[in-house]
Structure formats: structure tokens, C-alpha cells
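Architecture and fold: a report
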Amino acid sequence: METVTRSAFHPEVESYEQVNRDAMRLLTPPGRGYVALLGMSVALVGLLVFAELHNVLYGLGMIGDNWAVMITTFVFWVGIGHAGTLISAILYLFRAPWRQAIYRFAEAMTVFAVLTAALFPLLHIGRPWFFYWLLPLPSQRQIWPNFRSPLLWDVFAVTTYLTVSSVFFFIGLIPDIAAARDAATTPLRKRIYGVLSLGWRGTDREWRHFTRAYLFLAALATPLVLSVHSVVSWDFAVSIVPGWHTTIFAPYFVAGAILSGVAMVVTLMVPVHKIFRLGAYFTPVHYDRLAKLLLLTSIIVGYAYGMEYFMAWYSGELYERDVFWDRVTGDYWWAGWSMITFNAFVPQLLWIKKIRQNLNAFFIISVFVNIGMWYERFVIIVPSLTHSYEPWKFWNFHMTWVDAGLLLGSFGWFFMWFLLFLRTLPGLSMAEIKEVLPPPMRHPEHHAHDQADAVRETLPTGYDEREVR
Amino acid sequence: MSKLRTGVLGVFPHLDTATAAIRRLRQEGFQLTVYSPTPRHEVEEALGTKESPVRIFTLVGAFTGTAAGTALATWASLDWPLVVGGKEIIALPAFSVIMFEVTILLGALSTVAGLFILGRIPHVGQPEAPMYHPSFTSGNFGVFAHAPRDRYGDVQRIMTESGSEEVLVDQR
């Protein structure tokens, strides 16, 4: 007699084998739609290369003043990365069972977003081949980089973040690549996955050290991710430009990063869900939790916006007040109001259960937040710089085609990596989804106490989780 | 203590039967290599696994990182003392960022080193147990008992009684 127990989170997943079958469906040869999307991404990368070639050949003259778009886009992409680490590392430490099905996508997004962000510091220096001047190496006169400068902190923070999140991503992939190797049908695939899996077989020795190492990597990645956007915010906050010189910047940036990152997770998840029919894995519970995360960070960001205005007024400082007034009434009022509307107000729609449950609505909200969060960085950078202390120093920002090329190209670059990942590496973490499934038992009743309580968490969502699929 | 290169592999579609086999085989004094598609604490309990020493790698790596970050920033600043922005040559509040980031970096990398060394990854050469089945990364649990040829019969009996669906014998 065999009783089948179902996971509360994945009631439609019957067995361990089914997880593998479904995850392997992602690795089947792609169709035309995929090739078209990939082609578009590669074309945008071409635009990026073309724009950068212009910079290399003719200098940075065609970059809008103060690298505004490059810095905005850098901060935007670093921020996007944060939600992936939140889901993969912080929620791992919290033992949140809804993390397992979505974390691989989120983490891939992190790695590629940071990879995209890392382009901009390199390109904005004008001669990217001298990037090693950023590293802690002495110049020919034995002068070292300035360790008291936030820009060097940024180098350390972003390179550490890129390294650690890539390592964390790859380590988590090993058991799943081994599963892909064992399921591979062609000798070439078997060979490639065989090499990438590093000979993993899932022995007790491997798991024993793997689980511990994974825990410690998560524990290290958690403070790291909080530090990275804090350091990015200090690039601004340590200077004395009005609108930048505030202590709220670090938590404000981290909350904003998670807001934008969760929005990007949803923007990527919904199409993947629909195209690959992953309803059994991306359940309404997952979207519900993501919606709440989005709502929470949106409220924090909204609070930070309000607090900035309060402090500008309360400080009594003329320049500070002027810059903040200028943000909503000056030349860039449209950017200022887009930021406030898209980040603080639009996500409030998620309080309504009907909207939270509706994938299309949630997807549209997430796209708005993505746009709003790009504007947030734009609003922090451009209006403050164009409108700082002396009126004779005021200037106007104009986006050039090189700026636009780099911005669009960064999306192409990001989506190119993401699309390649989707069809070549396991996007669902098979080993970790199995952790929240009830293990196959011959005599379930005898081992009732053995079955991890993690799988039996009651769902506080308040609606039937099968409704929306 | 190297394990015997011969033995018997039992394929178990259920977790409870696999742990039952592990317990009985351990009582009989066999050394085991257990395959599982996902880490299960039941397997660890049946095997009596001790805490992994990876944590020592993490600790040592992280502290080395703190020291290295401090040393790099301090030494480089002293190498050509240059006052910038009226700050101290050794400005600890500013250096704390460097110290923190290098702590995390080396802590994480040495954790991976610990995993690779202790877990014997990447696996090259002869694997720990000579027999394997591709279903172990999918849905089945596997118990390989390292046994001399004359005890194959005992192992096979225990595996089948515990509920193994397929018992494979190393024929070499």
C-alpha cells in the first residue's frame, strides 16, 4: 500500500522524478520565439558595442554630462541583483520553503545583473583597458589607490559581490548539473554537464559538506548584499552635493534595491511561468509572498522619499530645500513624479487580493516599478547635479544617442545572458525543490515524525491556491 | 581509512527503506556510501554523520580576510603617506569597508575550498564507490555497502529484506 503525501507548496508535484522531468523540459532544444528573443538581445548588445566603440574612438564627449546615464544605469543594475541574493541567501537562512522553486531564476538574475552593472564603471572611465588602475595596485610612482575614497570601496564591494554571488550560484548548481548529466540523451551534453558537475554523485560525503558550505555561503552573502548597496549609496552620501548628503541613503538604497530586484524577478518569472507552464512550481503562494515583499519595500521606499523631504525642510538648509523642491517642480518634474508614482503609489495596488493574484496585473505593476526605479536613480543623480549650490553652475541634461545606446544595450546584454542560462543550465533547483517535498516513504505512518515540518506549513494566503493557475 | 573497492549496491525508491538498510548494514559492520537526490537528515541520522568541519575553513578564511584587508589598506596608505581630504593616513572608519569586503570574499572562497577538499570535488580518478546509478540524482536513494566478495550474500539479503527494488553486485 502506498500513500502519496503532497507538499503544501507544490500540491501538483507527485514525486522526485517529476521534478527532474519538469526541470529538464527547460533544457530541450529551443523554438523560434526563443531564437528571435535571443537575436534581439544580441542585436542590442551590438548597439552597446557600437556606442562604446564611439566612446573609444572619439572620447567621452558624446556621453551626457557627468556620466549621468551610465551612473544611473550602474546603480539600477546593481540594485536589480539584490533581490536574487535576498531570495537565495537571506530566505535560505530564514528557512522559507517558498524560496526553493524560484531561487535559481532569481540568483541567475543577480549574477547577470551584476555582470551588467560591472560594465558601466569600466566603460565610464573612457579607456576601459586601464581598468586595472582601479585595483589595489601601485602606480609607477608607487602611489596606491585611495582607500579612504568611496569609489575604491565600490570597487571592493562590487567585485566581491560579483565573485561571491557567482560562486554561490555555481555551487548551488552542481547537484542539478549532475542531474542534467544523468538525464542527458546526447553524448556531447553528457560530456559537458559531466565536466561542469565536477563529478558530483550525491554521496553522503558530498552532501554532508555541501549543505554546511552552502549554509555558510548564505550566511556570508547576507551581510554582503546589505553592504553592497550601502557602499553604492555612500558614493553619493559621502560627498556634499545637496540631495545626496544624508544618512538615510544606505537603508534607503538597500530597500530600493530589493524593491527593484523583486520587480525584475516577477518581470522574468511571469513569462517563464507561462511559456514553460511551470504552474506546479511557481504557485500563487510564491507570487503572494513576492507581492508582499514588493509591498513592504515599496512602503520603506515611500517612507524614505517622505523623510527626505521632511529633512530638507527641517534642516532649514536653503540648497537642500531648493534641490528637493526642484525635483518635483523643476525641469525634471516628470522624472521626479514618475519615481514617486511608480515606486511608492503603484505597488500599493497589491494590497488588493484580486490584483495580487492576477499574474498579468502583477507583471504590469512590476514593469512600472522597474521603470520607476531607473527614474529614482536618475532623479538622485541628475537634478542634484544640475541644480547644486551656485546658480551659474546650473546646467541641463540631454541624453545623447550614445547614452541611449548604452542603456538599451545593457538590457540586451542582461537578457542575452539570461536567455542563454534558461536553455543551458537547470533553471529549477531540482535538489532543493525536493527538500520541501515529502520524501517517498513505503510506510509513511511509521515515520510521521520524520517528515520535516517544513513541508506542512499551513498557508496563510486565505484563498484556494489552485484558483489562479 | 580507505573503503573496500568491492561491494553491493542497493537501489531504494523509498527513504524509509533506505534508512532501514543503512541501520542494519551498519550494525553488521559494513562501511557505506549512500547516494541521495537531495540532502535528507534521516540519512545523516542513520549514518551517524558528525558535523562537517567546513565551518573551520569559513572561520579561518574570514579572519584571514579581515587581517588581509586591514593590512592592505594600512600598509598601502603608509607606503606613500598622502593626506587626502584632511583624513587620517590610517582612517579606520573608511578602511572598515575594505576590511569587511575582504572578510566576506576570503571567507566565501575558503568555504568553497573547504567543500572541495573535504567533499573531494572536483572528482577525478576512481570514485569512492565503484557503482552508481543515474536515478540517484532523480528519485532513488542508493546504498553501496563496501564488502568483500564472500559477504555479498549477506548484504544482498539485508538489502532485499529492507526493501531494495534492485540489488546490483560488483562483478569485477
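Keep in mind the model is a prediction, meaning the values are calculated, not measured. (Residues numbered from 1 in each chain as written. Chains lettered and ligands numbered in written order. Predicted model: local features only at pLDDT ≥ 70, side-chain atom pairs only at ≥ 80, totals over all residues.)

**Overview of the overall build of chain B**
- From N to C terminus, chain B includes five helices and four strands.
- In sequence order, chain B lays out its α and β elements as β-α-β-α-α-α-β-α-β.
- In summary, chain B has a C-alpha radius of gyration of 25 Å against a globular reference of 16 Å for 172 residues, an excess of more than 25%.
- Referenced to the eigenvectors of the C-alpha coordinate spread, the extents of chain B come out at roughly 80 × 30 × 25 Å.
- Of all 172 residues assigned to chain B, the portion counted as buried reaches 47%.
- A sequence separation of at least 24 residues applies to 81% of the contacts in chain B between residues at least 6 apart. (Helix = DSSP H or I, 4+ residues; strand = E, 2+ residues; numbered from the N terminus. Rg over C-alpha atoms; globule rule 2.2 N^0.38 Å. Buried ≥ 20, exposed ≤ 12 C-beta atoms within 10 Å, placed from the backbone. Contact = placed C-beta atoms within 7 Å.)

**Here we look at the confidence of the model for chain A**
- Of all residues in chain A, 93% have pLDDT values of 70 or greater, and the mean over the chain is 88.
- Overall, residues 447-469 of chain A carries pLDDT values under 50, and its contacts beyond four positions in sequence, including any with other chains, amount to 30 contacts. (pLDDT = per-residue confidence, 0-100.)

**Here we look at the interface of chain B and chain A**
- In this complex, chain B contributes 62 residues to the contact, which on the side of chain A involves 56 residues.
- Of all the secondary structure elements, the ones that give two or more residues to the side of chain B that touches chain A are α1 (15-27), β2 (31-35), α2 (41-47), α3 (54-79) and α4 (92-119) of chain B.
- A total of 16 residues in the side of chain B that touches chain A trace back to one element, the largest contributor, which is α4(B).
- Within the side of chain B that touches chain A, the residues separate by chemical class into 33 nonpolar, 19 polar and ten charged. (Nonpolar A, V, L, I, M, F, W, Y, C, P; charged D, E, K, R; others polar.)

**Examining the environment of A:Trp153**
- Position of A:Trp153 among the secondary structure elements: in helix α5 (residues 150-183).
- Along the backbone, A:Trp153 and A:Val228 are 75 residues apart, and their C-alpha atoms lie at a distance of 9.3 Å.
- Apart from residues lying up to four places away in sequence, A:Trp153 is in contact with A:Val231, A:Trp234, B:Val97 and B:Ile98.

**What to know about unusual backbone geometry**
- The amide bond that connects B:Ile121 to the next residue, B:Pro122, takes the cis arrangement and shows omega of -10 degrees.
- Topologically, B:Pro122 is positioned in the loop between α4 and β3 (141-146).
- Phi at A:Arg95 takes a positive value of approximately 55 degrees, unusual for a residue other than glycine.
- Topologically, A:Arg95 is positioned in the loop between α3 (68-93) and α4 (99-124).
- For A:Leu198, which is not glycine, the phi dihedral falls at a positive 55 degrees.

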